[in-house]
Structures are given as structure tokens and as C-alpha cells.
Amino acid sequence: MATLQNGLDFAPPPMDKVLFRKHIQRELDEIRKEVEETCAVGEDVYRVPESAYEETFSFLEQMSRDIPMPDMMWLEDGGIGLEWRPGNGIATMSLYGDGLVVYGAFYSKNREISGVCPVADAAFLQGFLTTLTRLFQ
């Protein structure tokens, strides 16, 4: 298991590391292209800062193999969204390149967790990732 700078432990990705990195980069490049195309024709459009791409890449690269790859999307308020749909639930993370993660999981009628925490806050982020892992078991 690898340990991030913030102390989180993550297992290596499920496929060859080089292929996995290429997959992440390809997804982020598609988001970057969509943002650039939209910004070229729109006036009130928020660009995604480079730091958001970097945080997303770093997070996904070190994510536990127990969690499947999320759907990735451009958030029109200037971030990158990650979305998982375990069973009847939904879990999301938003990264804006400001060192914070906005997260939420809704997985039954009265069960949800949500919050904002620094990417470097191992305790809060680990709790969310543990919940996410359990949702996929």
C-alpha cells in the first residue's frame, strides 16, 4: 500500500499503473477540451484551474482498488466532479484546485454523509473513502 503526503493509505490501481495513468489523463484531457471549447464561445464560464486537474489526477492515481473509477465531469462552477453510483445510491467528490474536497454520499432514504475537508485532512477523507468502499461491497 502507498501512503499519500496527507497520510492516507491507498492500494495501487487495479490495472497496470502506466495504463491507469493514461486512462486518467485521457479523461482529464476530454474535460479540458470541453472547458476550452465552451470558454471560446461563452462569456460567463468558469475555467477549471490547472491545480484542479492536478489534484484530481493525484487523488485518482492513488485511489483504493476497492473503489471503481468514477465518472468524471466538468463542473460549470470551475471544478472537476467525480461520481460513483453504488447500488441505489450516489457518491460525489468535487475538486476545485484550492486544496479542498467537497464530498457527499446518499445511499438510502435516511442515510447520507456530506462535507468539505482539506485534501490533506486524512481523517475526514479516509472516512468518506471507507464509506464509499463499503457501498461497493
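Before reading on, note that the structure itself is shown above.
Conventions and cut-offs
Once a new chain begins, its residue numbering starts again from 1 and follows that chain's sequence as written. The model is predicted, so local features are restricted to residues of pLDDT at least 70 and side-chain atom pairs to those at 80 or more, both for listing and for counting; the totals for chains, interfaces and linings are taken over all residues. The basis for every side-chain value is the complete set of heavy atoms in the structure, and neither hydrogens nor water enter the calculation. Remark: nonpolar core denotes a set of buried residues (Ala, Val, Leu, Ile, Met, Phe, Trp, Tyr, Cys) joined through side-chain atoms within 4.5 Å. Burial classes: relative accessible area under 20% of the type maximum marks a residue as buried, over 50% as exposed, and values in between as partly exposed (1.4 Å probe, protein chains only). Each helix is a run of H or I in the DSSP string that is no shorter than four residues. Each strand is a run of E no shorter than two, and both are numbered from the N terminus. Should DSSP find at least two bridges between two strands, the strands are taken to pair. Inter-axis angles, ranging from 0 to 180 degrees, are taken between N-to-C directions of lines fitted to C-alpha atoms, where helices are fitted over the stretch in contact. We call two residues in contact when some of their heavy atoms are within 4.5 Å. The span you would expect from a helix comes to 1.5 Å times its residue count less one. For patches, a residue must show more than 30% relative accessible area and have no salt bridge; joins then use 9 Å for like charges and 5 Å for nonpolar side chains, namely Val, Leu, Ile, Met, Phe, Trp and Tyr. Each accessible area is a Shrake-Rupley estimate made with a 1.4 Å probe; only the visible protein chains count as cover when residues are assessed. Salt-bridge detection follows one rule: a side-chain nitrogen of Lys or Arg within 4 Å of a carboxyl oxygen of Asp or Glu. Any two rings among Phe, Tyr and Trp, with Trp reduced to its six-membered ring, count as a pair given centres within 6.5 Å; such a pair is stacked if its planes are under 30 degrees apart, edge-to-face if over 60, and tilted if neither. Criterion for a charge above a ring: Arg CZ or Lys NZ at most 6 Å from the ring centre, at most 35 degrees from the ring normal.

What follows deals with the nonpolar core. L82, W84 and M93 are the most contacted members of the largest nonpolar core, which totals 30 residues. Sorting elements by how many residues they give to this core places helix 1 (residues 17–41) first, with 6 residues.

Bringing the sheet that holds strand 6 (residues 100–108) into the picture now. Strand order across the open sheet formed by 5 strands is 3-4-5-6-7, with antiparallel pairing between neighbours. Strand pairing shows two members of the sheet lacking a second neighbour, strand 3 (71–75) and strand 7 (111–118), which therefore form its edges. Averaged over all pairs of adjacent strands, the angle between strand axes in this sheet comes to 15 degrees, irrespective of strand direction. Alignment of strand 5 (residues 90–95) against strand 6, held across 6 bridges, turns out to be antiparallel. When the bridges of strand 6 are listed, I90 appears paired with F106. Seen against the sheet, helix 1 touches strand 3 and strand 4 (79–84) and runs at an angle of roughly 25 degrees to strand 3. Here helix 3 (residues 122–135) sits on the sheet in contact with strand 4, strand 5, strand 6 and strand 7, set at roughly 35 degrees to strand 6.

Another aspect to go through is helix 2 (residues 50–61). Between the first and last C-alpha of helix 2 there are 17 Å, a value that for 12 residues agrees with the 16 Å anticipated at 1.5 Å per step. Turning to helix 2, its buried residues are A52, Y53, E55, T56, F57, F59, L60 and E61.

Take the pairing of strand 7 next. Each regular strand carries side chains that alternate between the two faces of the sheet. Pairing between strand 6 and strand 7: 8 bridges, direction antiparallel. By the bridge assignment, V102 is partnered in strand 7 with V116. Hairpin connection between strand 6 and strand 7: a loop of 2 residues separates the two successive antiparallel strands.

Glancing now at a nonpolar patch on the surface. A cluster of nonpolar residues, L100, V102 and V116, forms a patch on the protein surface that exposes about 220 Å² of accessible area. Looking at the element boundaries, V102 is found in strand 6. Note on V102: relative accessible area 33%, which makes it partly exposed.

Once that is clear, we can look at the environment of S114. Relative to the helices and strands, S114 resides in strand 7. In the structure, S114 is positioned 10 residues away from G104 in sequence and 3.9 Å away in space, judged by C-alpha atoms.

This part covers the packing of aromatic side chains. Per the stated rule, a full pass over the model turns up 0 aromatic pairs. One residue, R32, lies across the ring of Y53, its end atom 4.0 Å from the ring centre.

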